[in-house]
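Spelled out from the first residue to the last, the chains are:
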Amino acid sequence: MKIRKPVVGKMAVTAVIVIVAVGVYAVWGSRRSERVHVREMALAENPGLKGILELYQEDSLKYEAALFLIDNMAYYQGADSGELESMYKAYDIFSTGRYTYRQALDSAERLCGKPKNVQQIRWKADVDMEPGFLVSNIEWAFKVWREQPWGKNVSFEQFCEYILPYRIGNEELVPWREKLYYQFMPIIEKYKNDPQIENPTFAAHIVLDSLLRAPFHFTGEMATSVRIGPRIADWRGGSCLDLCDMLVYIYRALGIPCGIEELPMRGNNNAPHYWNFLVDQHGQTWYFSMFYWWHRLLKAEVYDDVYGKVFRQRFSLNRAMTDSLQLPLDSVHPVFRYPFFEDVTRLYATDKAFTLSVGKRHLVRHVKGVRSFTFACPTAMLGNLWDGQGMTAPMLSLRIATEVPSIVWRFMTRLMTSWIRCLHLSA
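Going along each chain's sequence as written, the residues are numbered from 1 onward. A pLDDT threshold of at least 70 governs which residues receive local features in this predicted model, and a stricter bar of 80 or more applies before side-chain atom pairs are shown or counted, although totals over entire chains, interfaces and linings include all residues. Side-chain metrics in this entry use all non-hydrogen atoms of the structure; hydrogen atoms and water are not considered.

J.: Got a sec to walk through helix 3 (residues 60-73)? Specific residues and values, please.
T.: Going along the chain from the N terminus, every DSSP run of H or I of four or more residues is numbered as a helix, and every run of E of two or more is numbered as a strand. Residue count minus one, scaled by 1.5 Å, sets the expected span of a helix. Here helix 3 contains 14 residues, and its C-alpha end-to-end distance of 20 Å stays within 8% of the 20 Å for a straight helix at 1.5 Å per residue. Here the term buried applies to any residue with accessible area under 20% of the maximum for its type, exposed to any over 50%, and partly exposed to those in between, with areas from a 1.4 Å probe on protein chains only. Buried within helix 3 we find K62, A65, A66, L67, F68, L69, I70, D71, N72 and M73.

Structure below.
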């Protein structure tokens, strides 16, 4: 059993369109039954995972941590070994700082061949992983959580979501914790007698400060549908997402809870953006990034570059969102079919956040003999339309014929995108 997420490079475009055929649908089962069902199928697919649960029967926290990973791994897959050599070489060349990304890409192509696109890459499902890999990951995650001075101020829930995961996205699965721990732990050891070291934000601050003192290389040209993986910690170059991945790997290897926030589409620019975050023991969200080299950790509410929805990437499936949809999976857009994110817009937008409600009676036109479809647009531009669990306002609806030429489809999508953007900019 392999429930694989579709491979998408960006979580959303300006408007994400969910096409729902109007009719009677079965309602999703309970959150618990769905989780148990996925777990049982994963254990049946890879019996070696049962051995991990048996191993940790006497350690309740490690047992729960293993269940957390097993309950979600069936939704993940990564590039198989040897599939990304040309892309790796391009990052390696770019990291020298002597070449533009285009030059690095051309050189890599001459040395390793043309990079493979998403359709050409062989993928390997996480449920097929070696049990030993998962055990090693769990042991190292618990080692840093229990040994680091600030670990007592990191909850088990935070630990599971933002320290424990063995991967970030769809990168090639390779061991990384031990290497990065020994590589970057000397930064922490300098402050082992500082009383502030028990605060995870302080630990995050000193690591970021040290990393920013060495050169790194940013480019807006780098964009790939496959995450680079832990090697980015050595290459120290790429897009804002690559630099965010770099911090996640390093921080989690050291036991600092860290994740990535995503702005799927800027309201004032036709591009997405990413940055890192940490939630402290008081529930305060702090944001930071290698990209924001002029400052260190700042509170989310002072972030002044939010012009749309902000989604927090997570390892576990947002089951609250899937339950609230109450729709068959094939009726949900792939981005929201298996949502591994939650809406945190209001943490950043504060009093600038607003709710936009458009009743469908203003948009619906009944046409005799035409099958009905509903266009729902949980977009980066629509304020609080999507609240991380479901719609907080009536769906925006249009009626179209069953068979719609692709050119008309694209036109309608762009028309709605432009209309939504105008609403956002005029608000």
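Now that the structure is up, let's keep going.
J.: Lay out helix 8 (residues 177-189) with the relevant residues and their values.
T.: Taking 1.5 Å as the rise per residue, helix 8 with 13 residues should run 18 Å; its terminal C-alpha atoms sit 17 Å apart, in good agreement. Of all the bends in helix 8, the greatest reaches close to 40° and is centred on Q183; the proline P186 follows between one and four positions later. Taken residue by residue, helix 8 has R177, L180, Y181, F184, M185, I187 and I188 as its buried positions. Buried residues along helix 8 sit against helix 6 (131-147), helix 9 (200-211), helix 10 (232-235) and helix 11 (240-254). The seven residues ending at a residue and the seven starting there each receive a fitted axis; the angle between those axes is the bend at that residue. Residue contacts follow a heavy-atom distance rule, with two residues in contact if any of their heavy atoms lie within 4.5 Å.

J.: Got a sec to walk through the sheet that holds strand 9 (residues 298-299)? Specific residues and values, please.
T.: DSSP calls a pair of strands paired once it identifies at least 2 bridges connecting them. Read from one edge to the other, the open sheet built from six strands follows the order 9-8-7-6-10-11, with strand pairing classed as antiparallel. On the outer flanks of this sheet lie strand 9 and strand 11 (341-343), each paired with one strand and no other. Sheet analysis places strand 7 (residues 273-279) next to strand 8 (residues 285-288), joined by four bridges and oriented antiparallel. Across the sheet, residue N276 finds its bridge partner in strand 8, namely F288. Convention adopted: a line fitted to C-alpha atoms gives each axis, helices being fitted over their contacting stretch, and angles between N-to-C directions are expressed from 0 to 180 degrees. In the packing of helix 11 onto the sheet, contacts are made with strand 6 (259-263), strand 7 and strand 8, and the angle to strand 7 comes to roughly 20°.

J.: Any chance you could break down the pattern of salt bridges for me, citing the residues and the numbers?
T.: A side chain of one charge can pair with a side chain of the opposite charge if their charged atoms are brought near each other. Put simply, a salt bridge is a Lys or Arg side-chain nitrogen that is within 4 Å of an Asp or Glu carboxyl oxygen. Counted under the stated rule, the structure contains 19 salt bridges. Where E83 meets R122, a salt bridge forms, and the shortest distance between an N and an O atom there is 3.0 Å. Of this pair, E83 sits in the loop between strand 2 (77-79) and helix 4 (85-94) while R122 sits in the loop between helix 5 (101-112) and strand 3 (123-125), placing them 39 residues apart in sequence. A single network of salt bridges, built from pairs that share partners, joins D80, E83, K116 and R122.

J.: Tell me about the nonpolar core, and please be specific about residues and values.
T.: Burial of nonpolar side chains together is a common tendency in soluble globular proteins. The term nonpolar core refers to a set of buried residues drawn from Ala, Val, Leu, Ile, Met, Phe, Trp, Tyr and Cys, joined through side-chain atoms within 4.5 Å. Counting 91 residues, the largest nonpolar core has L134, F159, V207 and Y251 as its most contacted members. Per-element accounting of this core gives the leading share, twelve residues, to helix 11. Apart from the residues within four sequence positions on either side, Y251 is in contact with A204, V207, L208, I256, C258 and F288. Core analysis: the second largest hydrophobic core is formed by 13 residues, L263, A300, V310 and Y348 among them.

J.: Quick rundown of the packing of aromatic side chains? Include the residues and the values.
T.: Aromatic pairing here means that ring centres of Phe, Tyr or Trp (its six-membered ring) are within 6.5 Å. Orientation follows from the plane angle: under 30 degrees is stacked, over 60 is edge-to-face, and everything else is tilted. All told, the structure shown has 33 aromatic pairs when counted by the stated rule. Taking the centre distance of 6.0 Å and the plane angle of 85° together, the rings of W140 and Y182 count as edge-to-face. Of this pair, W140 sits in helix 6 while Y182 sits in helix 8, placing them 42 residues apart in sequence. Residue classification places W140 among the buried positions, given a relative accessible area of 15%.

J.: Could you give an account of the environment of Y101, naming the residues involved and the relevant values?
T.: Here Y101 lies in helix 5. The exposure class of Y101 is buried, given its relative accessible area of 9%.

J.: Go over the environment of L212 with me, naming the residues and quoting the values.
T.: If you trace the backbone, L212 turns up in the loop between helix 9 and strand 4 (217-218). Owing to a relative accessible area of 15%, L212 belongs among the buried residues under this scheme. Discounting chain neighbours no more than four positions away, the residues touching L212 are M290, W293, H295 and R296.

J.: Tell me about the packing of helix 2 (residues 48-55) against helix 6, residues and numbers included.
T.: Look at helix 2 against helix 6: their axes get within 9 Å of each other, and the N-to-C directions meet at 35°. For the crossing formed where helix 2 meets helix 6, the hand is right-handed. Here G48, L49, I52 and L55 of helix 2 lie close against helix 6, whose contacting residues are P131, L134, V135 and I138. By residue class, the composition of the contact of helix 2 with helix 6 is seven nonpolar, one polar and no charged. By definition, turning the near helix anticlockwise from the far helix through less than a right angle yields a left-handed crossing, and turning it clockwise yields a right-handed one. Residue classes follow a fixed rule: Ala, Val, Leu, Ile, Met, Phe, Trp, Tyr, Cys and Pro count as nonpolar, while Asp, Glu, Lys and Arg count as charged, and any other residue, Gly among them, counts as polar.

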